[in-house]
Amino acid sequence: MYTYIEGKLTEHNPACVTLDCGGVGYEIHVSLNTYAKIKDKAQVRLWIYQAVREDALLLFGFADKAEKELFLQLISVSGVGANTARVILSTLSPEATANAILNGDVKKIQSVKGIGMKTAQRIIVDLRDRLSKRELPLEDGSLLPQLREERQEAVAALVTLGFAKAAVEKAVDSLLAASPGAATEEIIKQALRML
């Protein structure tokens, strides 16, 4: 029903904020990631997800579309509700969450309070293919570099060549930050010079 709500930030704490929009105060649940981005602002726009339950009507807000999109992907997994998805996005950044899913890092997802091994595995199995095919938009209109297909292919190729994954990811991410539209081959060539 709501795409976003923009208004004056009147109350805030790390779990919930109140936005005054045209004289109406909306109580909106947020992740720590979103809270960190908006806590010092007077005027805020939050991208909204409305959860309708038997006993409550809740609004969840996100500082950017990428976080909201990842939240929607997480709640599509059986056994992961809105509050659990919010805890995941509070513990891990959207980028770290997406990378953990794409890389099959069960331990990283399991490090979130309340997430067991089976739930972490289900999240990875259900979302890995979907996320690898999606490009999540960031607040500035660019795409989340960790989710670009070119990034995944370049990282896989360089790791196959024997380079350490952490060093490869750092090099590829810095190259994508400098040249967001670079093709896979160009990323690999440039990264080989850096490694």
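Just so you know, the residues in each chain are numbered from 1, in the order the chain's sequence is written. Reporting of local features is limited, given that this is a predicted model, to residues whose pLDDT is at least 70; pairs of side-chain atoms are given and counted only at 80 or more, and all residues count toward the totals for whole chains, interfaces and linings. Heavy atoms throughout the structure, all of them, feed into the side-chain values; hydrogens and water do not.

Asks: Lay out the packing of aromatic side chains in plain terms, naming residues and giving numbers.
Replies: Stacked, tilted and edge-to-face pairs are distinguished by plane angle, under 30 degrees for stacked and over 60 for edge-to-face with tilted covering the rest, among Phe, Tyr and Trp rings (Trp via its six-membered ring) whose centres lie within 6.5 Å. Using the criterion set out here, one finds six aromatic pairs in the structure. Pairing Tyr2 with Tyr26 gives two aromatic rings, centres 6.2 Å apart and planes at 70°, and the pair type is edge-to-face. With Tyr2 in the segment before strand S1 (4–12) and Tyr26 in strand S3 (residues 24–30), the pair connects residues that are 24 residues apart, well separated along the chain. The exposure class assigned to Tyr2 is partly exposed, which follows from its relative accessible area of 30%. Helix and strand definitions here come from DSSP, where helices need a minimum of 4 consecutive H or I residues and strands a minimum of 2 consecutive E residues; each element is numbered from the N-terminal end. Relative accessibility thresholds used throughout: buried, under 20% of the residue-type maximum; exposed, over 50%; partly exposed, between the two (1.4 Å probe, protein chains only).

Asks: Can you break down the pairing of S1 residue by residue, with the values?
Replies: Pairing analysis gives five bridges linking S1 to strand S4 (residues 43–52), with the strands arranged antiparallel. Bridged to Gly7 within S4 is Val44. Criterion used throughout: strands pair if DSSP finds at least two bridges between them. Two strands pair when backbone bridges link them, and S1 and strand S2 (residues 16–21) are joined in this way by four bridges, in the antiparallel orientation. In the sheet register, Lys8 faces S2, and the bridge partner there is Asp20. Hairpin connection, S1 to S2: the antiparallel pair is bridged by three residues.

Asks: Please set out the packing of helix H2 (residues 65–75) against helix H6 (residues 117–132) residue by residue, giving values where relevant.
Replies: Think of two packed helices as two axes; the pair is described by the angle between the axes and how far apart they sit. For the pair H2 and H6, interaxial distance at closest approach is 10 Å and the crossing angle is 135°. Taken together, the axes of H2 and H6 are oblique relative to one another. Crossing handedness for the pair H2 and H6: right-handed. Residues Leu70, Gln73 and Leu74 of H2 form the contact with H6, whose participating residues are Ile123, Leu127, Arg130 and Leu131. Ten residue types, Ala, Val, Leu, Ile, Met, Phe, Trp, Tyr, Cys and Pro, are classed as nonpolar, four, Asp, Glu, Lys and Arg, as charged, and the remainder, Gly among them, as polar. Broken down by class, the residue content of the contact of H2 with H6 amounts to five nonpolar, one polar and one charged. Axis geometry follows a simple rule: fit a line to the C-alpha atoms, using only the stretch in contact for helices, then measure angles between N-to-C directions, giving values from 0 to 180 degrees. Here the word oblique covers every angle except those under 35 degrees (roughly parallel), over 145 (roughly antiparallel) and from 65 to 115 (roughly perpendicular). The hand of a helix crossing depends on one turn: near helix anticlockwise from the far one by less than a right angle means left-handed, and clockwise means right-handed. Here, two residues are considered to be in contact whenever any of their heavy atoms come within 4.5 Å of each other.

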